[in-house]
Amino acid sequence: MNVLGLSYDFHDATVALVRDGALVGVAAEERYSLHKHDHNFPRLALDALMTQHGIALSELDEVAYYEQPGPKYARVLMSGLARFPRGIGTFISANKNWLREKLWVRNTLSSRLRIPPRRLHLVAHHEAHVAQAFLASPFDDAAVLVLDGVGEWDSTTLAVADHRRHGGQRIVERYEYPNSIGLVYAAFTAYLGFNPNSAEASTMALAAYGEPRHLEAMRRVLGPQADGTYRVEPRYFDFEGDAAHLFSPALVDLLGPPRDIRRPYTFDALVDEAPPADAEDRRCADIAASLQEVLAEVLLGLCRRLRAQTASTNLCIAGGVALNCLANTRVAREGGFAQVFVPPDPGDGGAAFGAAMLRASTTDAVSPIAHPYLGGAFPADTLAPLLTASPTLDIVLGAARPGVRRAERVQFDIIDDEDALLDTVTEALVAGDIVGWFQQRSEIGPRALGNRSLLVDPAQLDAVRRMSTSVKSHTRFRPYALSIADTDAARVLAVDSTTQPILRWMQSVWPVRQECRDALRGAIHVDGTTRPQVCSPADNPRYWKLLTRFGRARGIAALLNTSLNERSLPIVAHPRMALAMFARTGIDLLVIDDHLFRKRY
């Protein structure tokens, strides 16, 4: 049976295909439209997915959409009326959108996909997240924690799930809007001078530079209770307002003026002995640290409540808040569960495959996700039209952006001997080159895990800084991440067990052992931690070989790994996009499967 899952109309529009109970492909619209967090109907992604898997729309048995518009519109309507007459303009505009198109998703999908309405299923948003977390996991049974902004009404859901029990999953507790942990974090992201629903990772990174000096105030805002529940104090927020002003004047009275988004922070993740930050930078960092600490308190309280509801020692987490690696780590360490699993795309994009897997589970045995490499792939001859004549690359190289060193020529080779290819790339990394690494199918979700990656020797800070300025336009206070071969993980990370699922896909943050820090400094934050990908041969064979080959050359099988994209653009999808990025930026060497491009200066 072929089940198509879709998520769109808020952010991260995505399509997913489940065939006979197995997730076979996922495509995010942003990778094709080049509009980051694209929320529009995923037309381009749908075409790419169906073409890649050789399936026509007529062959779809069912379609599952990731939320139910009716209950969601009821919340929008009631929340807007509760604020009347304040925000009347926003309320009228929202109602026009809902009445014009959003309420009629079933009709829209039936028309676009040419499928009868009876084969379309509108899945409750948090039920899609529960399925996404549990059905994708390797567990037979688990507690499930869903944390995001808001679905229809729910913002936090506690559930238990068991493949051996009829019905599979059972929701045991719900926290409805406006008790939203995700919206609180988004509001503080805006307050601290970042773009909400996009730059929450900056808020998380900022916390490392501060101390939790505002805990009492923060607990008044996001209140953890003694029984493990929590309560958001609504007077500090304006969740129905403009996205850049999700907080109210009451929060400003409590914590001081918000950060001007135009003012950059002076912190630097690559400097151990940084000069003292100014008072405003420190204040904001302290607020971020306090927010992060209280967030952990709330999550640990919810874990206690879940542990009381189930005999399972496994926990699955999904929803946008599951992208908070610091919080995930606290849960893994202190939540009372032996194993913690987070799917590779825990947010709304991944809810597309959650909805599809939930529908598929009614008739098929659903297979867990073994790896995240379920995105786009391209035929072996894709590059051939680009390489028929050398002037092609000369023309592309003329597009280098200002400030990027102009190469005189590009040396192009096809190296079909894997050992020779890995030797060449290792030599380039040891020499301080910035390497673009594009192979096979892309990762799903926001993390680059060795198939659409930028790689640098983490010991060479000059190369790391050059990548930050000439390739990524990277914010200085945000750290990079580390890919580590499983053979060296225990040597590098101060963690009880390096086989935890949460260590595989850059979903948690752990201390790096002191004796390894100099060799890995470029991928370590100022607090001595990194966000690791522990890679085994079963996870990604060629990438694991590269890590181990680099380890033989440099002593530790670990590389700085960041996503293959420029700032404000999504991770590259097509080889043509990778070549364009290679031309525009300071990447020294680009590998596309067995094709190797090297700049000569």
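Residues numbered from 1 in each chain as written. Predicted model: local features only at pLDDT ≥ 70, side-chain atom pairs only at ≥ 80, totals over all residues. Heavy atoms only, no water.

On to the overall build of the chain. Scanning the chain from N- to C-terminus turns up 20 helices and 22 strands. Reported as C-alpha extents along the three principal axes, the dimensions of the chain are approximately 65 × 60 × 50 Å. Considering the chain as a whole, with its 601 residues, one finds that 58% of them fall into the buried category. Accessible area for the chain stands at about 23,600 Å²; split by element, carbon and sulfur atoms hold 51% of it. (Helix = DSSP H or I, 4+ residues; strand = E, 2+ residues; numbered from the N terminus. Buried < 20%, exposed > 50% of the residue type's maximum accessible area, 1.4 Å probe, protein only. Areas by Shrake-Rupley, 256 points an atom, 1.4 Å probe, with all protein chains shown as cover.)

The sheet built from five strands is open, its strands ordered β8-β7-β6-β11-β12 with mixed pairing. Every interior strand has two partners, whereas the edge strands, β8 (169-176) and β12 (339-341), have only one. In this sheet, adjacent strand axes meet at a mean angle of 20 degrees when their direction is disregarded. (Pairing = 2+ DSSP bridges. Axes fitted to C-alpha atoms, helices over the stretch in contact; angles between N-to-C directions.)

Next up on the list: the environment of Asp594. Relative to the helices and strands, Asp594 is located in the loop between β21 (589-592) and β22 (595-600). In this view, Asp594 contacts Asp413, Ile414, Ile415, Asp416, Leu421 and Arg542; residues no more than four positions away in its chain are not counted. (Contact = heavy atoms within 4.5 Å.)

Because an α-helix completes one turn every 3.6 residues, residues spaced three or four positions apart along the sequence face the same direction. Along its 31 residues, helix α11 (residues 279-309) runs 46 Å from first to last C-alpha, staying within 8% of the 45 Å computed at 1.5 Å per residue. N-cap assignment for α11: the residue whose side-chain oxygen lies 3.1 Å from the backbone N of Glu280 is Asp278. (Expected span 1.5 Å × (residues − 1). Polar contact = N/O pair within 3.5 Å; in protein donor to acceptor, adjacent residues only side chain to side chain.)

This paragraph deals with the packing of aromatic side chains. A full pass over the atoms with the stated rule returns 19 aromatic pairs. Consider the rings of Phe139 and Phe341, whose centres lie 6.4 Å apart with planes at 80 degrees: the pair is edge-to-face. Here Phe341 lies in strand β12 and Phe139 lies in the loop between α6 (125-134) and β6 (141-147), a separation of 202 residues in the sequence. In terms of burial, Phe139 and Phe341 fall into one category: buried. Ring centres of Tyr191 and Phe247 lie 5.5 Å apart, and the angle between their planes is 85 degrees; on these two criteria the pair is classed as edge-to-face. With Tyr191 in helix α7 (residues 181-191) and Phe247 in the loop between β10 (230-232) and α10 (249-255), the pair connects residues that are 56 residues apart, well separated along the chain. Exposure class is identical for Tyr191 and Phe247. Each is buried. Three or more aromatic residues link up through ring pairs in this structure, and these residues are Tyr177, Phe188, Tyr191, Phe237, Phe239 and Phe247. Across from the ring centre of Phe41, 4.2 Å away, lies the NZ or CZ of Arg112, which sits over that ring. Above the ring of Phe582, the side-chain terminus of Lys599 is found at 4.7 Å from the ring centroid. (Phe/Tyr/Trp six-rings, centres within 6.5 Å; stacked < 30°, edge-to-face > 60°. Lys NZ or Arg CZ within 6 Å of the ring centre and 35° of its normal.)

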